[in-house]
Amino acid sequence: MNKIVKSWLSLLLILTFLGGCKSNEVDANPDVYQYKDSMVGDNSAIGNIINQLPGSEGSIDFELKTKEEPYGIILNYHRKESEQAFKEIVIYRATFLFALVQNVDWITFNFDTDAYTITKEEIQAWYDKELSDISNKDELIEIIQAHLEDDAKVNQLLYE
């Protein structure tokens, strides 16, 4: 009887270990476009979008402004990035959030003592494209990278 119990416990231990090692590739690399057509009030979707974008390594928190229109998102960074990293973070995050979140009208980026606000109208005019019409992550990244190559155009968006 003791031998049977030990065998069952060993088998149970092995099965428990193997079950814990199970990989779920869908969850391991989620596509940020699964959050397309999210709303500003969906805290979970906004947080997941933000965490999947470049620049999420730093300490960041966010606020959703949903009490009255126009609706917005405030991203608070707790460390200053280099000038180039800052520009890329702002443009990537603003572009993705405006492309994926239906009702966001503005986004404010707070870096230490600096704050930058970008509206959906401004960035869509900058791209000369309706961002919500872009259907996948790769296409959106391609558009972002093409526009990041022109420093004068980047400065126009961020500083004018």
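Residues numbered from 1 in each chain as written. Predicted model: local features only at pLDDT ≥ 70, side-chain atom pairs only at ≥ 80, totals over all residues. Heavy atoms only, no water.

Structural notes on the overall build of the chain
Basically, it comes down to this: For helices the rule is a DSSP run of H or I covering at least 4 residues; for strands it is a run of E covering at least 2, with both sets numbered from the N terminus onward. The classification of residues rests on relative accessible area computed with a 1.4 Å probe and restricted to protein chains. Under 20% of the type maximum is buried, over 50% is exposed, and intermediate values are partly exposed. Surface exposure here means Shrake-Rupley accessible area, sampled with a 1.4 Å probe, where a residue is shielded only by the protein chains that are shown.
Broken down by element type, the chain carries 7 helices and 4 strands. Buried residues in the chain amount to 38% of all 160 residues. Summed over all atoms, the accessible surface of the chain reaches about 9,800 Å², with 50% contributed by carbon and sulfur.

Quick look at the pairing of strand S3 (residues 106-111)
To keep things clear, this is the line we draw: A pair of strands is treated as paired once DSSP finds two or more bridges between them.
Across the 6 residues of S3, 5 count as buried, placing the element largely inside the fold. Judged from the 6 bridges that link them, strand S2 (residues 72-77) and S3 form a sheet pairing that is parallel. Of the residues in S3, the one forming a bridge with Ile74 is Thr108. Alignment of S3 against strand S4 (residues 114-119), held across 6 bridges, turns out to be antiparallel. Bridge pairing links Phe109 to Tyr116 in S4.

Quick look at the sheet that holds S4
Rules: Every axis corresponds to a line fitted to the C-alpha atoms, with the helix fit spanning only the stretch in contact, and the corresponding angles, defined between N-to-C directions, vary from 0 to 180 degrees.
With mixed pairing, the 4 strands of this open sheet are ordered in space as S1-S2-S3-S4. Strands at the two margins of the open sheet, each flanked by one partner only, are strand S1 (60-65) and S4. Averaged over neighbouring strand pairs, the angle between their axes works out to 15° when direction is ignored.

Here's the deal with the environment of Ile60
Put simply, the test is: What makes two residues a contact is simply this: any of their non-hydrogen atoms within 4.5 Å.
On the secondary structure map, Ile60 appears in strand S1. Setting aside residues up to four positions removed in sequence, Ile60 forms contacts with Ile50, Leu75, Asn76, Tyr77, His78 and Arg93.

Observations concerning the packing of aromatic side chains
Filter applied, for reference: Planes of paired rings set the category: under 30 degrees apart is stacked, over 60 is edge-to-face and the rest tilted, where pairs are Phe, Tyr or Trp rings (Trp by its six-membered ring) whose centres lie within 6.5 Å. A ring is scored as having a charge over it whenever the NZ atom of a lysine or the CZ atom of an arginine sits within 6 Å of its centre and within 35 degrees of its normal.
For the coordinates displayed, the defined rule picks out 5 aromatic pairs. Where Tyr77 meets Phe111, the ring centres are 4.4 Å apart and the plane angle is 10°; that geometry is what we call stacked. Remark: Phe111 occurs in strand S3 and Tyr77 occurs in strand S2; sequence separation between them is 34 residues. This pair shows no difference in class: Tyr77 is buried, exactly as Phe111 is. Both rings, one in Tyr116 and one in Tyr159, keep their centres 6.2 Å apart while their planes meet at 80°; by these two values the pair is edge-to-face. Highlighted residues: Tyr116 in strand S4 and Tyr159 in helix H7 (residues 151-159), separated in sequence by 43 residues. Look at Tyr116 and you get buried, because its relative accessible area is 17%. Judged by its relative accessible area of 39%, Tyr159 falls in the partly exposed class. A cation sits over an aromatic face here: Lys153 above Trp126, 5.9 Å from the ring centre.

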